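Fold and geometry: a report
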Amino acid sequence: MRQPTDQPADDLLAPPLPGPLLRLPRPVRALAPTAVVLLVLVPLAAHDPEFGPTESPPTNAALMAFGALALAFRRRWPAATAAATLLSGQLPLAVALYGLAARRGATPLLYVLAVLAEVRLFVPFDLGDVSTPSALANLVEDPLVFGAVPLALGLTTHQRARTVSVLAERNRLLVEARRHAEERAVAAERARLAREMHDVVSNRVSLITLHAGAGQVARADDPAAVRETLGLIRGLGLQALTELRGLLGMLTPASDQAPSLRGLPTLVEESRQAGLAVGLTVTGPDDGLPAPGPKVQYAAYRIVQEALTNAHKHAPAAEVAVTVAVEPDGLRLAVVNSPAEPAQPAESARPTDPAGPVASEGAGPGLPSGGHGLHGMRTRADDLGGTLHAGPTPEGGFAVRARLPLRVV
């Protein structure tokens, strides 16, 4: 037994417009006027000399039958059908005028045929006998009932069909726009989460890797150094797990738990413990200046974190200066490292040292780089309405400089 499937989202957003309660098959609707005229009006015209455009009953019956047959083609050729029924009775002419107005709308051809139809409906009457209200009513009855009313109903039907079509197209475009907006929101959220994961994992794992390399070359007879290194690795691992738990649980840490400028000294100290010479300078805000908002502080922390991670990867022996200043035009930060110097071989890596072979393994390729760090930093600055520039310095080092607004709405 098949299980019922979920209803598509488009059907929920754009339900079909309600139609008539009873809708006859298309052939029946197409031939119904023809059948009514042939079965009812033609016999009447054959016996009543006043039931038609002429005084001859056979002629009236023939013209009525001709108009009935013409109505069978009103859907394909509405204008030709209206022109043909000008010689027929009132009812075929009214049906033809309605069909033409409903399908073609207000066109010059419709106006011409409408004028001819009104003249045709005035012909059987004596225009000189309008002295009484009843005579005047009889004069305008046929032109109004079989001419003006069908035209008005047809034009109304045409306008409604156009309105329904426009609304249906607008609804389709709104559904499509909503789908695209949802897709863009999902893609943006995925990119943001990937950026957060990259910053957390890249920085912490890089430091863990550096400390593990230091543990490899540590002397076997110095258990205190080994314990200190393992403690640093454990602490970095716990920090990474805490931040990852916040990302996976809430996608964005709460403002009171998210990293901020207060965490920069700890971040710099972690890089120092991993062997990178880092200096930190934080100034401001001066009196009268507001403190940077939580989002700005969070972005500044992540930018400094990623810049230090890049320094660990590409310039491990360089000196790095981290400067953060709260100024009237925004929060300015800079992470500048001196030219990278080739790393000196560790003293413990001498061939006579038992740890020598291990040190050789640890001196292999540097930390891997995915190439997403600079893009992620620029994205953080752009999302807040700030700017970020990164590139080599004239001295041969590398600098990351950013300006972030103090407050973000």
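Residues numbered from 1 in each chain as written. Predicted model: local features only at pLDDT ≥ 70, side-chain atom pairs only at ≥ 80, totals over all residues. Heavy atoms only, no water.

Let's talk about the packing of aromatic side chains
Note the threshold: Ring pairs shown here join Phe, Tyr and Trp side chains whose ring centres sit within 6.5 Å, with only the six-membered ring taken for Trp; geometry is labelled stacked below 30 degrees between planes, edge-to-face above 60, and tilted in between. The buried label applies to any residue whose accessible area, calculated with a 1.4 Å probe on protein chains only, is under 20% of its type's maximum; exposed applies above 50%, and partly exposed to all values in between. To sit over a ring, a charge needs its Lys NZ or Arg CZ within 6 Å of the ring centre and within 35 degrees of the ring normal.
Scanning the entire structure with this criterion turns up one aromatic pair. Here the aromatic rings of Phe-73 and Trp-77 are separated by 6.0 Å at their centres, their planes lie at 35 degrees, and the arrangement is tilted. The class of Phe-73 is partly exposed, set by a relative accessible area of 46%. Positioned above the aromatic ring of Trp-77, the side-chain terminus of Arg-76 is 5.6 Å from the ring centre.

Describing the sheet that holds strand 2 (residues 319-327)
Where we set the bar: Only strands that DSSP links by at least two bridges are regarded as paired with each other. The numbering of helices and of strands both runs from the N terminus, where a helix is a DSSP run of H or I of at least 4 residues and a strand a run of E of at least 2. To obtain an axis, a line is fitted to C-alpha atoms, over the contacting stretch when the element is a helix, and the angle between two such axes runs from 0 to 180 degrees between their N-to-C directions. Residue contacts are defined here by distance: any two heavy atoms, one from each residue, within 4.5 Å place the two residues in contact.
Strand order in the open sheet formed by five strands is 1-2-3-5-4, and the pairing between neighbours is mixed. Of all strands in the sheet, those with a lone pairing partner are strand 1 (277-283) and strand 4 (387-392), marking the two edges. Strand-to-strand twist across the sheet, computed as the mean angle between neighbouring axes with direction ignored, equals 10 degrees. Direction of pairing for strand 1 relative to strand 2: parallel, over a ladder of seven bridges. Counted as the bridge partner of Thr-281 is Thr-323 from strand 2. Running at roughly 5 degrees to strand 3 (residues 330-337), helix 10 (residues 294-314) makes contact with strand 1, strand 2, strand 3, strand 4 and strand 5 (398-404) of the sheet. Helix-sheet contacts for helix 12 (residues 373-383) involve strand 4 and strand 5, and the interaxial angle to strand 4 is about 155 degrees.

A short note on a nonpolar patch on the surface
To be explicit about the condition: Each patch is built from residues that are more than 30% exposed by relative accessible area and take part in no salt bridge. Like charges join if they lie within 9 Å; nonpolar side chains (Val, Leu, Ile, Met, Phe, Trp, Tyr) join within 5 Å. Where accessible areas are quoted, they stem from the Shrake-Rupley method and a 1.4 Å probe; at the residue level, only the protein chains shown are allowed to cover. Just to be clear on terms, a salt bridge is a Lys or Arg side-chain nitrogen sitting within 4 Å of an Asp or Glu carboxyl oxygen.
Taken together, the side chains of Val-36, Leu-38, Leu-39, Val-40, Leu-44, Leu-69 and Leu-91 present a nonpolar region at the surface, about 610 Å² in accessible area. Sorting elements by how many residues they give to the nonpolar patch places helix 2 (residues 26-47) first, with five residues. One can find Leu-39 in helix 2. You can call Leu-39 exposed: its relative accessible area is 67%.

Here we look at the packing of helix 5 (residues 90-104) against helix 6 (residues 108-122)
We count it as follows: Each angle receives one of four descriptions, namely roughly parallel if under 35 degrees, roughly antiparallel if over 145, roughly perpendicular if within 65 to 115, and oblique otherwise. The sense of a crossing depends on the near helix, which, turned anticlockwise from the far helix by less than a right angle, makes the crossing left-handed and, turned clockwise, makes it right-handed. Here the term charged refers only to Asp, Glu, Lys and Arg, the term nonpolar to Ala, Val, Leu, Ile, Met, Phe, Trp, Tyr, Cys and Pro, and the term polar to all other amino acids, Gly among them.
Relative orientation of the contacting elements helix 5 and helix 6 amounts to 165 degrees, with a least axis distance of 11 Å. What the angle tells us is that helix 5 and helix 6 run roughly antiparallel. Handedness of the crossing formed by helix 5 with helix 6: left-handed. Contacts from Gln-90, Leu-93, Leu-97, Leu-100 and Ala-101 in helix 5 reach Leu-110, Leu-113, Ala-117, Arg-120 and Leu-121 in helix 6. For the contact of helix 5 with helix 6, a count of residues per class yields eight nonpolar, one polar and one charged.

Regarding the confidence of the model for the protein
Heads up, the condition is: For every residue, the predictor assigns a confidence score, pLDDT, that lies between 0 and 100.
Mean pLDDT over the protein works out to 75, with 74% of the residues at or above the 70 mark. When pLDDT is averaged over each element of the protein, strand 5 comes out on top at 94 and helix 11 (residues 356-362) at the bottom at 36. Contacts for the low-pLDDT stretch residues 1-14, under 50 throughout, to residues beyond four places or in other chains number eight contacts. Taken as a whole, residues 343-365 scores under 50 in pLDDT and shows 15 contacts with residues more than four places along the chain or in a different chain.

Considerations on unusual backbone geometry
If a residue is not glycine, its phi is most likely negative; likewise, a peptide bond is most likely trans. The residue after Gly-284, namely Pro-285, is reached through a cis peptide bond having omega 0 degrees. By secondary structure assignment, the location of Pro-285 is in the loop between strand 1 and helix 10.

Structural notes on the packing of helix 3 (residues 57-71) against helix 5
Contact geometry for helix 3 and helix 5: axes closest at 9 Å, N-to-C directions at 20 degrees. By the angle between their axes, helix 3 is roughly parallel relative to helix 5. Relative to helix 5, helix 3 is oriented so that their crossing is left-handed. Across from Met-64, Gly-67 and Leu-71 in helix 3, the residues of helix 5 making contact are Pro-92, Val-95 and Ala-96. Its residues assigned to classes, the contact of helix 3 with helix 5 shows five nonpolar, one polar and no charged.

Some points on the pairing of strand 4
Pairing of strand 4 with strand 5, which is carried by six bridges, proceeds in the antiparallel orientation. In the strand pairing of strand 5, Gly-391 is matched with Ala-399. Hairpin connection between strand 4 and strand 5: a loop of five residues separates the two successive antiparallel strands, and Gly-396 in this loop has a positive phi of roughly 105 degrees.

Points about the side chain of His-158
Within the element layout of this structure, His-158 appears in helix 7 (residues 133-217). The exposure class of His-158 is buried, given its relative accessible area of 17%. Beyond its immediate sequence surroundings of up to four residues, His-158 is in contact with Ala-101, Ala-102, Arg-103, Arg-104 and Gly-105.

Remarks on the pattern of salt bridges
Here the structure, examined in full by the defined rule, presents six salt bridges. The residue Arg-332 makes a salt bridge to Glu-327 at a minimum N-O spacing of 3.3 Å. A residue is classified by how much of its surface remains accessible, and Arg-332, at 35% relative accessible area, is partly exposed. Glu-327 sits in the partly exposed class, given a relative accessible area of 30%.

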